[in-house]
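Coordinate inspection notes
So you can see what is in the structure, the chains are spelled out below.
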Amino acid sequence: MITVLGDLLADYSMRLPFLCIEPQDLHRVSYLALGPGGAGNVAIMAAHLGLQVHALGEVGDDRFGQIVRNGLTAEEVNVDNLVTTPDSRTPVATVLVDERGEPAYLGYPGHLTVTDLPEEWQAQIARAKAHYSDGWAEHEGIAGLVLVGFEAAANAGVPIFFDPGPGNPELDNGWHRDAARMATVLLATEGEAERLSGLSDPVASARALLTDAEQLVVVKRGVAGCMLVTAGELEIVPGFPVEAVDATGAGDSFAAATIYGYLNDLSLQALGTLANATGAAKVQKRGTGHSMPTAAEVRAVLDRFSLAHEIAGIPL
């Protein structure tokens with residue numbers, strides 16, 4: 001069982017010809033979907049890979065909260081400890097994707113009230129095989145909850161996975177450095193690693209972010225693949241040249257696959273291959289949430305490039 005603690009919001013996704021929109025413009029949308037998003041994408045992808053997932057977070061007692069709760073349940077993510085607060089408003093992300101498949105985001109923070117980690121969440125984290133959070137922090141209270149959740153996981157010896165993302169531009173994202181130091185596995189783009197380390201060279205940046213001999217830093221490099229760095233190893237794993245229609249959720253897919261591969265004791269090379277393949281499976285699909293790739297779609301990417309043998313022996 002793994003736990004996912006973070007912004008469990010609704011994603012309102014649409015595809016436009018281009019994102020330069022002026023007042024009084026009228027554009028037709030070629031794709032429209034509403035479903036769970038945010039940290040829920042990682043939870044759904046992990047469930048698609050066969051992991052038992054418990055979602056920890058808060059939603060409002062509103063239509064968007066129902067969409068998040070019902071959507072996660074439909075994807076076999078456990079929501080028993082998802083808090084629904086009366087008179088609160090669920091965060092919503094409007095995801096605008098252009099014809100190149102590149103997204104832009106409009107965030108509605110909602111209004112949520114949980115600021116202390118509930119005992120039930122602490123108990124779930126302590127029983128988990130792995131614990132994940134990201135650094136998007138759609139509302140102010142989530143940063144403190146993430147850090148306390150990491151403390152609970154560390155005290156119980158549970159591996160911690162953290163993806164800082166770009167963070168919330170309206171908040172002080174200095175807490176990302178604290179979270180990165182606590183992480184067993186840190187996932188970051190080259191730009192995010194530079195922001196956390198102060199170093200522009202990707203290898204030097206990753207090594208600077210290692211806090212102990214057991215930590216793994218995974219640098220996501222988009223279509224170029226990824227780089228995995230530990231105290232004693234460096235693996236550069238190429239990406240998959242697939243036609244991308246929507247990059248939204250690719251990082252979430254990558255994160256879930258990294259958790260899956262870590263828990264199945266894959267080598268760094270095999271772990272990178274699986275994570276890259278999962279991201280590649282996602283970019284070939286529109287939308288997030290219910291559109292996260294299936295295990296069969298991930299396997300199809302590996303088979304297409306004759307790399308399924310690299311993860312032989314694990315139940316994908």
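Residues numbered from 1 in each chain as written. Predicted model: local features only at pLDDT ≥ 70, side-chain atom pairs only at ≥ 80, totals over all residues. Heavy atoms only, no water.

The next subject is the sheet that holds strand β6 (residues 92-97). As summarised here, the arrangement of the 4 strands in space is β3-β2-β6-β7, forming an open sheet in which the pairing is mixed. The open sheet has two edge strands with one neighbour each: β3 (31-38) and β7 (103-108). Direction aside, the axes of adjacent strands within the sheet are offset by 20° on average. Against the sheet, helix α1 (residues 39-48) makes contact with β2 (8-15) and β3, and its axis sits at roughly 90° relative to β3, the strand it touches most. Contacting β2, β3 and β6, helix α2 (residues 63-74) runs over the sheet at an angle of about 80° to β3. (Pairing = 2+ DSSP bridges. Helix = DSSP H or I, 4+ residues; strand = E, 2+ residues; numbered from the N terminus. Axes fitted to C-alpha atoms, helices over the stretch in contact; angles between N-to-C directions. Contact = heavy atoms within 4.5 Å.)

Quick look at helix α10 (residues 295-304) now. For α10, the full list of buried residues reads A295, V298, V301 and L302. All buried residues of α10 fall inside an arc of 120° around its axis, so they share one side. Seen from the buried face of α10, the exposed residues on the opposite side, beyond 90 degrees, are A296 and R304. Summarising the contacts, the buried residues of α10 are in contact with α1 and α9 (268-283). Immediately beyond the C-terminal end of α10, within one or two residues, lies S306, with a positive phi of roughly 55°. (Buried < 20%, exposed > 50% of the residue type's maximum accessible area, 1.4 Å probe, protein only. Arc of directions from axis to C-beta.)

Pairing within the open sheet is mixed, and its 9 strands lie in the order β5-β4-β1-β8-β9-β10-β11-β12-β13. Each of the sheet's edge strands pairs with one partner strand only, and the pair in question is β5 (82-85) and β13 (234-237). On average, each strand axis in the sheet is inclined to that of its neighbour by 15°, with strand direction left out of account. As paired strands, strand β9 (residues 160-163) and strand β10 (residues 185-189) are joined by 2 bridges and run parallel to one another. In the sheet register, F161 faces β10, and the bridge partner there is V185. Its contacts with the sheet put helix α5 (residues 175-182) on β8 (130-134), β9 and β10, and the angle it makes with β9 is roughly 145°. Contacts from α9 reach β11 (216-220), β12 (226-229) and β13, with the element oriented near 30° to β13.

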